[in-house]
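# Report on the structure
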Amino acid sequence: MNNHVTVLEIDSNALVHNLNYFKQKLKPNTKILAVVKAFGYGSDGIQVAKFLEDKVDYFAVAYANEGIALRKAEIKTPILVLHPQVPNLQSIIDFRLEPNLYNFKIFNAFLKLADEIPLMNYPIHIKFNTGLNRLGFWHTDIPKIITSLKETTHVKAASIFSHLAASEDLEEQDFTINQINNFAYIAQQFYKHLGYEPMLHILNTSGVVNFPQAQFDMVRVGIGLYGFGNDEKETSQLKNTHNLKSIISQIHLIEPGETVGYNRAFTAKRRGKTATIPIGHADGLSRRLGNKNGYVLINNKKAPIIGNVCMDMIMVNVSKIDCKEGDEVIIFNTQEMIEDIADVSETIPYETLTAISQRVKKMLT
Ligand SMILES: *Cc1c(COP(=O)(O)O)cnc(C)c1O
């Protein structure tokens, strides 16, 4: 049972809708990798992955621990670990996770381990840097990688991939097309010299939207599954998956001159009514939403957050709202509300979603 009544409901119908939306943009045999890193973008990676297991071809997580959690929940789908570190390699193997190998340090460490055990044709993924300058080999590393791969039967390249730097930004279209062309050249080298053909993938959500011609064999969809495209038009085609709800713990009648919350940040000008809600900055609600910058919905009306956001609570002005203790409170249940919060917090929905903390109960509905 939920003893912290604040709950994030994850809408499974919306997840399917969003998945199908991207599927219809793709060729029928293009594989889909669902990105479930960071607890499924602030929801629940395990519940989301369990639900999507028979609907997608691959999952990706950022770190080994996230993949281990999925395996412990008995998810059998291949899982790409996007950002492994040398000390995680043994547990990656133990849990049948598939590492992204992005430089010679980790590539050689994995090959050495694969030799010692020994593994047979263990799937690895090789990432190339084509302009993001974050993780990945340089194209000049290709001959050395191919030589190593041809000399071993312990590992096998399941895919060659890269990541776009500005796929959402059409003003950067030339840069992106250059990345895609560089990637195609890299892929060609592998196809020519490796002796087998690993899968190829470069697109994230906004890549699918803007550059579907570069879908290759698989696409990696993250934020889109959770309801956000790269512009208003795309987002309006998607459904919101994250619904954050709570209840009113207490109502206070406030007299003029009384203050509310820490540092007495709100002073009442007239008689009014406040509601205290059990969600605070420790649950992932930014302090920037305080002092009327943010709002919640109570009985379909906007109730501004007054005073400072506390660690565990907020107080909202419900002077004009007919409500009582125990009533439902919507923190957000549309993409628009999430975007409002992101705007006020001077960030993007990615951060607003992933900020939802582990204290909040997550429920797939
Ligand atoms: C997070 C991530 C994705 C997903 O990106 P979205 O914009 O959320 O679709 C894809 N690929 C890599 C390498 C990532 O790190």
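Residues numbered from 1 in each chain as written. Predicted model: local features only at pLDDT ≥ 70, side-chain atom pairs only at ≥ 80, totals over all residues. Heavy atoms only, no water.

## A short note on the overall build of the chain
Spelled out, the test is: Each helix corresponds to a stretch of at least 4 residues labelled H or I by DSSP, and each strand to a stretch of at least 2 residues labelled E; elements are numbered beginning at the N terminus. Two residues qualify as a contact provided that any one of their heavy atoms is within 4.5 Å of a heavy atom in the partner residue. Here the Shrake-Rupley method, with its probe set to 1.4 Å, supplies the accessible areas, and only the displayed protein chains count as covering residues. Within this scheme the basic residues Lys and Arg register as positive and the acidic residues Asp and Glu register as negative, but His and the chain ends are omitted. To locate a charge, take atom NZ for lysine, CZ for arginine, CG for aspartate or CD for glutamate.
Along the backbone of the chain there are twelve helices and 19 strands. With the C-alpha coordinates of the chain rotated into their principal frame, the extents come out at 80 × 45 × 35 Å. Residue pairs in contact within the chain that sit at least 24 positions apart in sequence constitute 65% of those at least 6 positions apart. For the chain, the exposed area adds up to about 17,000 Å²; of that, 49% sits on carbon and sulfur atoms. With 38 positive and 38 negative side-chain charges, the chain shows a spacing of 2 Å between the two charge centroids.

## Side note on the site of the ligand
Worth spelling out the cut-off: A single heavy atom is enough: if one lies within 4 Å of a molecule or strand, its residue is considered near that molecule or strand. Amino acid classes used here: Ala, Val, Leu, Ile, Met, Phe, Trp, Tyr, Cys and Pro are nonpolar; Asp, Glu, Lys and Arg are charged; the rest, including Gly, are polar.
Taken together, 14 residues are adjacent to the ligand, and Lys37, Tyr41, Thr205, Ile223 and Tyr350 come closest. Taken by itself the ligand offers 380 Å² of open surface, and the protein chains cover 94% of this. The set of elements that each furnish at least two residues to the shell around the ligand consists of α2 (37-42) and β9 (218-221). Taken together, the residues of the shell around the ligand break down into six nonpolar, four polar and four charged.

## Comments concerning the packing of aromatic side chains
Rules: Here a pair means two rings of Phe, Tyr or Trp (six-membered ring of Trp) with centres within 6.5 Å. Their orientation is stacked below 30 degrees between planes, edge-to-face above 60, and tilted elsewhere. Each residue is assigned to one of three classes by its accessible area relative to the maximum for its type, calculated with a 1.4 Å probe on protein chains only: buried under 20%, partly exposed between the two thresholds, exposed over 50%.
According to the stated counting rule, one finds ten aromatic pairs in the structure shown. When the ring of Phe104 is compared with that of Phe137, the centres are 4.9 Å apart and the planes differ by 70°; the resulting orientation is edge-to-face. A residue pair is termed long-range when its members are at least 10 positions apart, and Phe104 in helix α6 (residues 104-116) and Phe137 in the loop between β6 (122-128) and α7 (142-151) qualify at 33 residues. For Phe104, a relative accessible area of 18% puts it in the buried group. When the ring of Phe183 is compared with that of Phe216, the centres are 5.1 Å apart and the planes differ by 90°; the resulting orientation is edge-to-face. Of this pair, Phe183 sits in helix α8 (residues 173-193) while Phe216 sits in the loop between α9 (205-210) and β9, and the two are 33 residues apart along the sequence.

## Some details on α6
Inclusion rule: Expected helix span is computed as 1.5 Å times (number of residues minus one). Pairing of N or O atoms within 3.5 Å defines a polar contact, subject to two protein rules: one partner must be a possible hydrogen donor and the other a possible acceptor, and residues neighboring in sequence count only if both atoms are side-chain atoms.
For α6, with 13 residues, the first-to-last C-alpha span of 18 Å sits near the 18 Å given by 1.5 Å per residue. All of the buried residues in α6 are Phe104, Ile106, Phe107, Phe110, Leu111, Leu113 and Ala114. Looking at the buried residues of α6, the elements they touch are α5 (89-94), β5 (98-101), β6, α7 and β7 (155-162). Capping the start of α6, Asn103 holds a side-chain oxygen 3.3 Å from the backbone nitrogen of Lys105, two or three residues further along.

## Some thoughts on the sheet that holds strand β14 (residues 272-277)
Just so we agree on the cut-off: By this definition, two strands are paired if DSSP reports at least two bridges between them. Structural elements are reduced to axes, namely lines fitted to C-alpha atoms, with helices fitted over the stretch in contact, and the angle between N-to-C directions of any two is expressed from 0 to 180 degrees.
The nine strands are arranged β11-β14-β17-β16-β15-β18-β10-β1-β19 in an open sheet whose pairing can be described as mixed. Looking along the sheet, the strands with just one partner apiece sit at the ends: β11 (250-254) and β19 (361-364). Averaged over all adjacent pairs, the angle separating strand axes in this sheet is 35°, with direction ignored. Sheet contacts for helix α11 (residues 335-344): β10 (242-247), β15 (295-298) and β18 (328-332); angle to β18, the most-contacted strand, approximately 65°.

## Here's the deal with the packing of α7 against α8
Stated formally: What makes a crossing left-handed is the near helix being turned counterclockwise from the far one by less than a right angle; a clockwise turn instead makes it right-handed.
At their nearest, the axes of α7 and α8 sit 11 Å apart, and the two run at 35° to each other. The interaxial crossing formed by α7 with α8 has right-handed handedness. Where α7 approaches α8, its residues Ile142, Ile145, Ile146, Leu149 and Lys150 are matched on the opposing element by Ile186, Gln189, Phe190 and His193. Within the contact of α7 with α8, the residues separate by chemical class into six nonpolar, two polar and one charged.

## Section: the environment of Arg287
Inspection of the secondary structure puts Arg287 in the loop between β14 and β15. With 20 residues separating them in the primary sequence, Arg287 and Gly307 have C-alpha atoms 9.9 Å apart. Dropping the residues within four chain positions of it, Arg287 is found in contact with His281, Asn308 and Val309.

## A few points about the nonpolar core
This is how the line gets drawn: Working definition of a nonpolar core: buried Ala, Val, Leu, Ile, Met, Phe, Trp, Tyr and Cys residues. They are joined through side-chain atoms within 4.5 Å. Source of the domain bounds: an automatic or database domain assignment.
Counting residues in hydrophobic clusters, the biggest one holds 112 residues, and the most contacted among them are Phe107, Ile126, Leu149, Phe190, Ile298, Val316 and Phe332. Both domain 1 (12-233) and domain 2 (242-364) contribute no fewer than three residues apiece to this core. Other than its neighbours up to four places away in sequence, Ile298 contacts Ile248, Ile277, Ala303, Val316, Val318, Ile321, Cys323, Glu328 and Val329. If you look at the next biggest cluster of nonpolar residues, it comprises seven residues, including Ile254, Phe266, Ala268 and Ile306.

## Things to note about the domain arrangement of the chain
Basically, it comes down to this: Summed over both partners, the accessible area lost on bringing two parts together, with a 1.4 Å probe, is the buried area.
Under the domain assignment used here, the chain contains domain 1 (12-233) and domain 2 (242-364). Taking only C-alpha atoms, the centre of domain 1 and the centre of domain 2 are 38 Å apart. With 15 residues of domain 1 in contact, the opposing surface of domain 2 contributes 13 residues. With both chains or domains summed, domain 1 and domain 2 bury close to 1,300 Å², and 67% of this area falls on carbon and sulfur atoms. Applying the counting criterion to the domain 1 and domain 2 interface returns five residue pairs in polar contact (both at pLDDT 80 or more). Where the side of domain 1 that touches domain 2 is concerned, the elements lending two or more residues are α1 (12-23), α2 and α3 (45-52). Of the residues forming the side of domain 1 that touches domain 2, the biggest block, five residues, is contributed by α2. Along the lines of polarity and charge, the residues of the side of domain 1 that touches domain 2 split into eight nonpolar, six polar and one charged.

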